[in-house]
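Structural description and commentary
Residues per chain, in single letters:
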Amino acid sequence: DTSKKSPMELINEVPPIKVEGRIVACEGDLKYSSAMSVCFTYSLLAADNNPALGHPIEFICLDKEEPAVCKYCGLRFVQDHHH
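Residues numbered from 1 in each chain as written. Predicted model: local features only at pLDDT ≥ 70, side-chain atom pairs only at ≥ 80, totals over all residues. Heavy atoms only, no water.

1. Considerations on the overall build of the chain
Within the chain, the regular secondary structure consists of one helix and six strands. The secondary structure elements of the chain, listed N-terminal to C-terminal, are α-β-β-β-β-β-β. Across the 83 residues in the chain, those meeting the buried criterion constitute 31%. Across the chain, contacts joining residues at least 24 apart in sequence account for 45% of those joining residues at least 6 apart. For the chain, the computed accessible surface area is about 5,600 Å², with 56% contributed by carbon and sulfur atoms. (Helix = DSSP H or I, 4+ residues; strand = E, 2+ residues; numbered from the N terminus. Buried < 20%, exposed > 50% of the residue type's maximum accessible area, 1.4 Å probe, protein only. Contact = heavy atoms within 4.5 Å. Areas by Shrake-Rupley, 256 points an atom, 1.4 Å probe, with all protein chains shown as cover.)

2. Examining the nonpolar core
Ile11, Ile17, Val19, Val24, Cys26, Ile60, Leu62, Ala68, Cys70, Cys73, Leu75 and Phe77 together form the largest nonpolar core, which totals 12 residues. Where this core is concerned, the elements lending two or more residues are strand S1 (17-19) and strand S2 (23-26). (Core = buried A, V, L, I, M, F, W, Y, C linked by side-chain atoms within 4.5 Å.)

3. As for the sheet that holds S1
Strand order across the open sheet formed by three strands is S1-S6-S5, with mixed pairing between neighbours. Each edge of the open sheet carries a strand with a single partner, namely S1 and strand S5 (68-69). Summarising the sheet, S5 and strand S6 (residues 76-79) pair through two bridges and their orientation is antiparallel. Bridging across to S6, valine 69 finds its partner in arginine 76. (Pairing = 2+ DSSP bridges.)

4. Considering the pattern of salt bridges
On inspection of all chains with the given rule, the structure shows three salt bridges. Here glutamate 13 ties to lysine 5 by a salt bridge, and the two come within 2.3 Å at their closest N and O atoms. Glutamate 13 gets classed as partly exposed once you look at its relative accessible area, which sits at 47%. Since its relative accessible area comes to 34%, lysine 5 is described here as partly exposed. (Salt bridge = Lys/Arg side-chain N within 4 Å of Asp/Glu carboxyl O.)

5. Digging into the state of the cysteines
Evaluation of the coordinates by the stated rule reveals zero disulfides. Take cysteine 26: it sits in no disulfide, and the sulfur closest to it among the cysteines is that of cysteine 73, at 3.7 Å. On the basis of relative accessible area, cysteine 26 is assigned to the buried category, the value being 0%. Classification of cysteine 73 as buried rests on a relative accessible area of 18%. (Disulfide = S-S within 2.5 Å.)

6. Let's talk about the pairing of S6
In the sheet, S1 pairs with S6 via three bridges, with the strands oriented parallel. Looking across to S6, one finds that lysine 18 is bridged to valine 78.

7. Looking at the side chain of glutamate 58
Structurally, glutamate 58 can be placed in strand S4 (residues 58-61). Ignoring any residue separated from it by four or fewer positions in sequence, one finds glutamate 58 in contact with Val24, Ala25, Cys26, Cys70, Lys71 and Tyr72.

Don't take any of this as a statement about function, it's just geometry.
If you want it as structure tokens, here you go:
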């Protein structure tokens, strides 16, 4: 039952998002474009993808092996290494 979980418990259930580039630009949603090395996301709250309802853009470096966490929304990102 999701009504008994804290927001951090809910966001921790979202698996780390794989990104092809080294840098991700998070705005607080799971939708992103992998066409560029920078991942652009949009607001979780906006049904029409209105970025005004998200959070400030957080540019996150993915050079480390462990997932990088957005300081605003808690989404986690990892670099997708193609071997």
